[in-house]
Structures are given as structure tokens and as C-alpha cells.
Amino acid sequence: LYCVPCTIDPNLGDEGICIIYVPYPWLGLSRGKNENKTGVRADANCATFFDNVRVPKEWGIGPGGMAATLFHAQLLGPKNAAFAVGNLVGAFETVLEYTGDRIAHDKPIRQHAQAALILGRMASAFAMGRYYYLTAAHIFDHPEIYGLPWEGYNPVIMNVAKSYVPGLCQSAIDEAIPLMGSFGYTRDYHLEKYWRDGKITQIWIGGEHLNTFNVARGFYDLEL
Ligand SMILES: Cc1cc2nc3c(=O)[nH]c(=O)nc-3n(C[C@H](O)[C@H](O)[C@H](O)COP(=O)(O)OP(=O)(O)OC[C@H]3O[C@@H](n4cnc5c(N)ncnc54)[C@H](O)[C@@H]3O)c2cc1C
């Protein structure tokens, strides 16, 4: 089943947005090959083609109503940060265990200062990221207190959850890989899988760059 956000006229902005459900298979709907991705490989993604597709009116939410609200809510939720934080926690547990077991220069790797710094930075990133996305989720869930997610300062908060938190988590995993030496890079210990899976959090739902532009827009009239 495809959930298709679209517009009846790009010039109408929010007033033109519709959300339409299209089942698969369906006349005029076709899909390309599954993409051969770096990470999140259990999730199938492909190009989708619509060729004069028609569905009953009641399968869609038409323009000028709830469609724009639902569209913005989907784009602005803090779930991307939650994904990135969970992925980092998995990576941290892997590195913590490995560096506790492996001895280098007469003591476990994690008892060396440079390892403790990297482990501490990983923990700082997920502790901060977790606090951040839970706060953003609370704001998202309570528009009666804080306003709608796309109103006032809220887009800054939501876009930081979408862009900055995932970037921080991904950098922390990246920095930890050498701590496991070549086993950080091979498939036996899964650290490389967390690294591959985490990368998508900087790419999907608009991508890190566009989301960061939205943060900047909260502070000045960005002409992009
Ligand atoms: C695993 C996976 C799952 C996905 N799931 C979904 C899904 O369920 N639904 C869905 O709709 N999409 C989905 N996508 C698509 C995803 O949302 C897009 O790939 C993502 O938003 C980036 O868009 P793009 O690939 O078109 O990159 P582009 O828009 O081409 O962006 C590439 C780069 O170009 C630059 N750029 C782009 N636009 C501008 C601009 N206006 N100004 C300045 N610089 C700009 C930025 O640097 C940006 O990072 C998925 C993608 C993947 C990989």
C-alpha cells in the first residue's frame, strides 16, 4: 500500500497538498528494482512510477483540509533522532564489550585514556541525543502548550532532531571504529553494520543539508 503525498498545483503551497492511498498492484502503478543500499538492507526501497493512476475519491485526503497538517507532522517528527540514538547505543555496547575483553599493553583497551575518551564521547552523544528527542517528542505531542510543530521556534527544535542529532551519533560511531582495529571494519562484530545503518539518518526525510537550512531559517530570512 502506497501513501502518496502530492499536490494539485505547486503554486498553491499547503492549500494544494493531498495524501492519496494507492494499493499495489494497481493499474498504472509500477515500481523499479530494489535499490542495492549500504545499510538498512532489510527495508526494500525502489523508484515508484505513476502513469495516469486513478483511485476512488474516498482513498485520499483532499486539498485544503487535514492533508497539509499530516504531511508537515510526518516530516517534522523527531523519530529520525530516536533511530540514530538507538543505533549509537547498539554500537556503544559492541565497542564497550570488545574493548573490555581485548588486552593491549597489559590492560583492557578501554582502560587506556584514548579509548576512555572515545567511549565517553559516544555516551555523551547518546545521552544528549536521547534527552533531546524525548523533549522534542513532548513538544510535538503537546501543541496545546507549545503550538504546532511547524509554528514559531518549533521547526528549529524539530529540524535539529532531524539533522544535528543524527550527525552527532554517526560521528561518534565513525570515531569508535579504529578502537576495534580491523574488527571494527569486518562483519563479525556488527560495529560496521551500525555505521552503515546509521548513515541513512543523515540522508532520508529531506537530508541533513536541507534540514539544517531549516534551522538557519529560524534565525534569518534565508533565500534558498
Ligand atoms: C532507505 C531510504 C528510504 C526512503 N524512504 C522514503 C519514503 O518512505 N518516502 C519518501 O518520500 N522518500 C523516501 N526516501 C527518499 C528520501 O527522502 C530522499 O532520498 C531524501 O529526501 C533526499 O532527497 P534526494 O535523494 O532527492 O536528494 P537531493 O534532493 O538531490 O539532495 C542531494 C543534495 O543536494 C543538495 N540540495 C538539494 N536541494 C537543494 C536546495 N533546494 N538548495 C540547496 N541544496 C540542495 C543538498 O546538498 C542535498 O543534500 C528514502 C530514501 C532512502 C535512501
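Since the model is a prediction, treat every value here as computed from it, not as a measurement.

K.L.:
Tell me about the site of the ligand, residues and numbers included.
P.N.:
Neighbouring the ligand are Lys37, Asn45, Ile200, Ile203, Trp204, Ile205, Gly206, His209, Leu210 and Phe213. With respect to the ligand, the backbone of Ile205 contributes an N or O atom lying 3.3 Å from an oxygen atom. Computed on the free molecule, the ligand has an accessible area of 970 Å², of which 39% lies beneath the protein chains in the complex. Of the residues that constitute the shell around the ligand, the class distribution is six nonpolar, three polar and one charged.

K.L.:
Tell me what's going on with the environment of Cys169, and back it up with residues and numbers.
P.N.:
Looking at the secondary structure, you find Cys169 in helix 5 (residues 154–176). Accessibility expressed as a relative area gives 2% for Cys169, which makes it buried. Beyond its immediate stretch of four places on either side in the chain, Cys169 contacts Ala84, Val85 and Leu88.

K.L.:
Can you tell me about the environment of Leu222, naming the residues and giving the values?
P.N.:
Inspection of the secondary structure puts Leu222 in the segment after helix 7 (208–217). With a relative accessible area of 16%, Leu222 lands in the buried category. In contact with Leu222, other than residues within four places in its own chain, are Phe213, Ala216 and Arg217.

K.L.:
Could you give an account of the packing of aromatic side chains, with specific residues and numbers?
P.N.:
The tally for this structure, following the rule as stated, stands at eight aromatic pairs. Judged by centre distance (5.2 Å) and plane angle (55°), the rings of Trp26 and Trp59 are tilted. Of this pair, Trp26 sits in the loop between strand 2 (17–22) and strand 3 (29–31) while Trp59 sits in the loop between strand 4 (48–50) and strand 5 (60–61), and the two are 33 residues apart along the sequence. For Trp59, a relative accessible area of 32% gives the class partly exposed. Between Phe92 and Phe126 the ring centres are 5.1 Å apart and the planes differ by 70°, which places this aromatic pair in the edge-to-face class. Linking Phe92 in helix 2 (residues 79–101) with Phe126 in helix 3 (residues 113–141), this pair joins segments that are 34 residues apart in sequence. This pair shows no difference in class: Phe92 is buried, exactly as Phe126 is. Grouping aromatic residues by their ring pairs yields a cluster made of Tyr98, Phe183 and Tyr189.

About the criteria used
Residues numbered from 1 in each chain as written. Predicted model: local features only at pLDDT ≥ 70, side-chain atom pairs only at ≥ 80, totals over all residues. Heavy atoms only, no water. Near = heavy atom within 4 Å. Polar contact = N/O pair within 3.5 Å; in protein donor to acceptor, adjacent residues only side chain to side chain. Areas by Shrake-Rupley, 256 points an atom, 1.4 Å probe, with all protein chains shown as cover. Nonpolar A, V, L, I, M, F, W, Y, C, P; charged D, E, K, R; others polar. Helix = DSSP H or I, 4+ residues; strand = E, 2+ residues; numbered from the N terminus. Buried < 20%, exposed > 50% of the residue type's maximum accessible area, 1.4 Å probe, protein only. Contact = heavy atoms within 4.5 Å. Phe/Tyr/Trp six-rings, centres within 6.5 Å; stacked < 30°, edge-to-face > 60°.

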